[in-house]
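Chain residues, written in single-letter form:
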Amino acid sequence: MSEKDHKVSRRQFLNYSLTGVGGFMAAGITLPLVRFALDPALKVGEETEMVAVAQVNELTNEPKRFDFKVNQVDAWYESEVSRSAWVYEEDGKIVALSPVCTHLGCTVDWDASGDHPNRFFCPCHYGAFEKDGTNVDRTPPTQPLFLYDQEVRNGTLYLGRPRPQV
Amino acid sequence: MKWQIKEIDIYLQAKEYVDTAIIPLIPISWGNDIKSTVQMGEFIHLISDELERQFKGRVFQFPPYTYLKTEKLEERLIKMNEWHEHLKDSGFHHIIYLTSDVDWKQIESDLNDTLLWVPSIPLEHLDQKYKVETLSNQIKQMIPILTNKWQKNENETN
């Protein structure tokens, strides 16, 4: 049998197999790289996990401030963010309000102003909220304080993300 | 508000509510006191972040002004007065400098604005819980300085 009888010459065969193997090797290296680069961006809308904030037996009728940290992932950038909550118990129900003023985002304080006793008060532009978070008329905020998602497990209060009260 | 594009959008819509600038003053030196210098920087960074969180809607947190520790006080003063002119013209009624560097105390009376000098606390060996507590105690003492300043200003204009 001579060389000419073959459909694929030795040279062609070597060419094909080398390109094929080379291609696989290149893909093996680049594909994971591409995936790593895109991965954080593909994970969208990841739920903030629930964080232990307080023991239920610490809670009273008077709003108390609790500080905690949550991990926030913003595409490539992961950071620890401080959050606070005003928590109280009324008629066996736990209420956890976000202290972020709905006007421009300052932190509100409980019962801090003489003009607004037993209300949440924002020192920046004198916004006020009732105990249940409702905004007081004729102060700058236009919507109530946000309410945290909450869960009680074994006497511990866990909070999730703050949501608008509608 | 922070030095970020999305916060600037909010600022542009709510300009009339934001009248206070916070400028951290952070020294740099690369000598024997490198550790204490870095500690000052980190501490002031934490404090200014926390103040910004507290007063987000009325306060703008500027990027820190960094300078070599060897920079002369007269030169610093000239620069700060330039910042003062620029920010006053841009609608900031209150300008607050935040620093752990005690040198500024010597020229405090020559500055046109409020200098908040906070001695830095070594936080690195503390537990997370105590860290947060220590910091929030510091902040608690600084809050009235700002709110009183605002109140005084409003009483004057009324």
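Right above here is the structure, for reference.
These figures come from a predicted structure and were not determined experimentally.

Draft legend 1. Examining the overall build of chain B more closely. The helix and strand tally for chain B stands at four helices and five strands. In sequence order, chain B lays out its α and β elements as α-β-α-β-β-α-β-β-α. Computed over the C-alpha atoms, the radius of gyration of chain B is 16 Å, within 12% of the 15 Å expected from 2.2 N^0.38 for a compact globule of 158 residues. Structurally, chain B occupies a C-alpha span of about 50 × 40 × 30 Å along its principal axes. Going through the 158 residues of chain B one by one, you find that 42% of them count as buried. Considering only intrachain contacts with a sequence separation of at least 6, the fraction spanning at least 24 residues in chain B is 73%. On chain B, roughly 8900 Å² of surface is accessible, and the fraction owed to carbon and sulfur atoms is 55%.

Draft legend 2. View of the state of the cysteines. Residues and elements named next belong to chain A. Applying the stated rule across the entire model yields one disulfide over all chains. Note that Cys106 is cross-linked by a disulfide to Cys124, the S-S spacing being 2.2 Å. Across the disulfide from Cys106 to Cys124, rotation about the S-S bond amounts to roughly -100°, and the bridge is consequently left-handed. Note that Cys106 is positioned in the loop between strand 4 (93–97) and strand 5 (109–110) and Cys124 in the loop between strand 6 (120–121) and strand 7 (128–129), a separation of 18 residues in sequence. Here Cys106 and Cys124 have matching classes, each one buried.

Draft legend 3. Geometry of the interface of chain B and chain A. With 17 residues of chain B at the interface, the matching set in chain A holds 16 residues. A buried area of about 1300 Å², summed over both sides, lies between chain B and chain A, and 51% of it is on carbon and sulfur atoms. The largest per-residue losses of area from chain B upon contact with chain A belong to Tyr17, Arg53 and Gln54 of chain B, which jointly make up 41% of the total buried on that side. Run the count over chain B and chain A and you get zero salt bridges.

Draft legend 4. Examining the packing of aromatic side chains more closely. Scanning the model with the defined rule gives 15 aromatic pairs over all chains in all. When the centroid spacing of 6.5 Å and the interplanar angle of 70° are considered together, the rings of Phe62 of chain B and Trp83 of chain B count as edge-to-face. Of this pair, Phe62 of chain B sits in the loop between strand 2 (59–61) and strand 3 (65–68) while Trp83 of chain B sits in helix 3 (residues 73–89), and the two are 21 residues apart along the sequence. Classification of Trp83 of chain B by relative accessible area gives partly exposed; the value is 25%. Ring geometry for Tyr65 of chain B versus Trp83 of chain B: centroids 5.9 Å apart, planes at 75°, classification edge-to-face. Placement of the pair is Tyr65 of chain B in strand 3 and Trp83 of chain B in helix 3, with a sequence separation of 18 residues. Cluster of aromatic residues (ring-pair linked, three or more members): Trp3, Tyr11, Phe60, Phe62, Tyr65, Tyr67, Trp83, Phe92 and Trp104 of chain B. The ring of Tyr88 of chain A has Lys131 of chain A lying over it, and the distance from NZ or CZ to the ring centre is 4.6 Å. The ring centre of Tyr158 of chain A lies 4.2 Å from the NZ or CZ of Arg153 of chain A, which sits over that ring.

Draft legend 5. Representation of the sheet that holds strand 7 of chain A. Residues and elements named next belong to chain A. One open sheet holds the three strands; their spatial order is 5-6-7, and the pairing between them is antiparallel. Looking along the sheet, the strands with just one partner apiece sit at the ends: strand 5 and strand 7. Here two bridges tie strand 6 to strand 7, and the two strands are oriented antiparallel to one another. By the bridge assignment for strand 7, Phe121 is matched with Ala128.

Draft legend 6. Seen up close, helix 2 (residues 34–54) of chain B. Taking 1.5 Å per residue, 21 residues should reach 30 Å; helix 2 of chain B reaches 30 Å between its end C-alpha atoms and fits that length. Where helix 2 of chain B is concerned, the buried positions are Thr37, Met40, Gly41, Phe43, Ile44, Ile47, Ser48, Glu50, Leu51, Glu52 and Gln54 of chain B.

Draft legend 7. A look at helix 3 of chain B. All names here are of chain B. For helix 3, with 17 residues, the first-to-last C-alpha span of 24 Å sits near the 24 Å given by 1.5 Å per residue. Looking at the packing, one finds that the buried side of helix 3 touches strand 1 (20–28), strand 3 and strand 4 (94–99). The positive-phi residue at the C-terminal boundary of helix 3 is Gly91, with phi of around 100°.

Reading guide: rules and limits
Residues numbered from 1 in each chain as written. Chains lettered and ligands numbered in written order. Predicted model: local features only at pLDDT ≥ 70, side-chain atom pairs only at ≥ 80, totals over all residues. Heavy atoms only, no water. Helix = DSSP H or I, 4+ residues; strand = E, 2+ residues; numbered from the N terminus. Rg over C-alpha atoms; globule rule 2.2 N^0.38 Å. Buried < 20%, exposed > 50% of the residue type's maximum accessible area, 1.4 Å probe, protein only. Contact = heavy atoms within 4.5 Å. Areas by Shrake-Rupley, 256 points an atom, 1.4 Å probe, with all protein chains shown as cover. Disulfide = S-S within 2.5 Å. Buried area = accessible area lost by both parts, 1.4 Å probe. Salt bridge = Lys/Arg side-chain N within 4 Å of Asp/Glu carboxyl O. Phe/Tyr/Trp six-rings, centres within 6.5 Å; stacked < 30°, edge-to-face > 60°. Lys NZ or Arg CZ within 6 Å of the ring centre and 35° of its normal. Pairing = 2+ DSSP bridges. Expected span 1.5 Å × (residues − 1).

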